[in-house]
Each structure stands twice: as C-alpha cells, then as structure tokens.
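Analysis of the macromolecular model
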Amino acid sequence: MLGMRTIILLLVIALASQATAGVTIHYEGTAASPSAVAKIIEVVTAAAKKNKWTIEDTSAKRGRLLRVIDEKNKDYEGKVTGVVIRIGGNCEPLHFQFGDDLFMQDFVKTQFAGADVHIQIVEMLESIRPFVKQLTVGDEGEFWGKRDRAILEGHIQKINSVIADMKKKNPKARVAVRLESGRVADVIQ
C-alpha cells in the first residue's frame, strides 16, 4: 500500500507532465535564536490578522516536518513550534513551523490568489528577515527580487493562459483543485 506522501509525490509528477506549475514562492531559513522563533510567529500572526487570514497554532511536543535539503528528503521529527496561515481564495497555506534546529522550509502557490496576495506574502517574508540568520526566497513571480508588479502579473497571466489552453483542449480537466493537504493543483486531467 502506498503512503500519503508517495501518492502526493506521484500526483505532483503526473501533474508536472500535464501542466506548467503555477506561480509559487519557496522560502526557508534558520531563526537567529529560540526567541527569534517567537518573534517570527508574532510578526506573521499580526500580518495574518491584519489581512483577515486564519491562523492555526501547529506547535507540538512531537511532530514531523517534511523537508528537502540538497534535493533529498531530510524530514525532521521532534518538537515543532509554529503556525499555519490559511489565506483562502485558492491560495495554499503558509507554514511557519520550526524544529529544535530553528529551521523552517515551505512553499506557497499564489497562482490563483492573484498579485495582491502574492505581494502581501512577500511583504510578510520581508518582515521576518531581521529574525532569520539567512532567509532564502525563490519567487517564481520575481516580485521578491525585482519588486515589479507588472512582471509578477505577466507570470500569472502566462500560466493562466497555458492552463486555459489545456482546459480548452480537455473540457473535462479540472482547474485550481484544492487537495486534502491544502495544496492547489493547477490542472487535473
């Protein structure tokens, strides 16, 4: 029997062969100290409240965080401190979850949420930078590096166009499908 992680991986591989991935922000970093973890959670919680997003405390004495380091699965098991922010509107949840090693890593697809939400997330990530030793952000919309809304909107439009073409070729295809994990699949054919 296949585990949930294997099923999700197979789904991602299948989708990758059928659709271009939507605009996504990848982020990771190590908090400067245990007190910095608390400050990061305070800052992202305040931003979520300001934007009327839902916040879920996901701290646990024993938990598991899925991680990919140097293109290899290196999951963490142990104490977890963090929150998950649910934005809604076909945006994936934001995970700010730290292990005892003070490391966090996640990604959020904003393709179907629009440029405003994408920019709000980039601003949130920018606000935690003072509390992280090294914050690495890979923004497929290029807003993190260029702060150019037109470029971001161009990326979103390009992917929307590809998805619309796929839907036109296969009217039974489903678009912006929310998976049980909270992730959003671009197209399921």
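Keep in mind it's a predicted model, so treat the numbers as computed, not measured. (Residues numbered from 1 in each chain as written. Predicted model: local features only at pLDDT ≥ 70, side-chain atom pairs only at ≥ 80, totals over all residues. Heavy atoms only, no water.)

Quick notes on the pattern of salt bridges
A full pass over the atoms with the stated rule returns 14 salt bridges. A salt bridge links E42 to K39, with the shortest nitrogen-to-oxygen separation between them at 3.1 Å. Of this pair, E42 and K39 both sit in helix α2 (residues 34-50), separated by 3 residues, roughly a single helical turn. One connected set of salt bridges, linked through shared partners, spans R62, R64, D75 and E77. (Salt bridge = Lys/Arg side-chain N within 4 Å of Asp/Glu carboxyl O. Helix = DSSP H or I, 4+ residues; strand = E, 2+ residues; numbered from the N terminus.)

Some points on the nonpolar core
In this structure, Y27, I85, L94, F96, I121, L125 and I128 are the most contacted members of the largest nonpolar core, which totals 46 residues. In contact with I121, other than residues within four places in its own chain, are I25, W53, I87, C91, L94, V108 and T110. (Core = buried A, V, L, I, M, F, W, Y, C linked by side-chain atoms within 4.5 Å. Buried < 20%, exposed > 50% of the residue type's maximum accessible area, 1.4 Å probe, protein only. Contact = heavy atoms within 4.5 Å.)

Brief notes about the sheet that holds strand β8 (residues 103-109)
Strand order across the open sheet formed by 3 strands is β8-β1-β9, with antiparallel pairing between neighbours. Here the strands that pair on one side only, and so sit at the sheet edges, are β8 and β9 (132-139). When the angles between neighbouring strand axes are averaged without regard to direction, this sheet yields 10 degrees. Sheet topology places strand β1 (residues 24-31) next to β9; 7 bridges connect them, and they run antiparallel. When the sheet's bridge partners are listed, Y27 is paired in β9 with V137. Contacts from helix α3 (residues 115-128) reach β1, β8 and β9 within the one sheet, and its direction differs from that of β9 by about 160 degrees. (Pairing = 2+ DSSP bridges. Axes fitted to C-alpha atoms, helices over the stretch in contact; angles between N-to-C directions.)

Some thoughts on the packing of aromatic side chains
Considering all chains together, one arrives at 1 aromatic pair under this definition. Above the plane of the ring of W144 lies R147, whose end atom (NZ or CZ) is 5.2 Å from the centre. Note that R183 overlies the ring of F107, its terminal NZ or CZ placed 3.7 Å from the centroid. (Phe/Tyr/Trp six-rings, centres within 6.5 Å; stacked < 30°, edge-to-face > 60°. Lys NZ or Arg CZ within 6 Å of the ring centre and 35° of its normal.)

Quick look at the side chain of H95
When you line up the elements, H95 lands in strand β7 (residues 94-98). On the basis of relative accessibility, which here comes to 18%, the residue H95 falls in the buried class. A distance of 2.8 Å separates a polar atom in the side chain of H95 from a polar atom in the side chain of D106. Excluding residues within four positions of it along the chain, H95 makes contact with Y27, V83, V84, D106 and R183. (Polar contact = N/O pair within 3.5 Å; in protein donor to acceptor, adjacent residues only side chain to side chain.)

Section: the side chain of T110
As for its position among the elements, T110 is in the loop between β8 and α3. The exposure class assigned to T110 is buried, which follows from its relative accessible area of 0%. Of the polar contacts made by the side chain of T110, one reaches the side chain of H118; its length is 2.6 Å. Contacts of T110, omitting those with residues within four sequence positions, involve V23, I25, C91, H118 and I121.

Some details on the confidence of the model for the protein chain
Low pLDDT means the predicted atomic positions in that stretch should not be read closely. Taken residue by residue, the protein chain gives an average pLDDT of 89. The fraction at 70 or more is 89%. Counted against residues more than four places away or in other chains, residues 1-20, with its pLDDT under 50, gives 19 contacts. (pLDDT = per-residue confidence, 0-100.)

Looking at the packing of α2 against α3
For the pair α2 and α3, interaxial distance at closest approach is 9 Å and the crossing angle is 155 degrees. With respect to α3, the element α2 is oriented roughly antiparallel. For α2 against α3, the interelement crossing comes out right-handed. When α2 is examined against α3, the residues I40, V43, V44, A47 and A48 are found in contact with a partner set consisting of M124, S127 and I128. Of the residues contributing to the contact of α2 with α3, the split by class is 7 nonpolar, 1 polar and no charged. (Parallel < 35°, antiparallel > 145°, perpendicular 65-115°, else oblique. Left-handed = near helix turned anticlockwise from the far one by under 90°. Nonpolar A, V, L, I, M, F, W, Y, C, P; charged D, E, K, R; others polar.)

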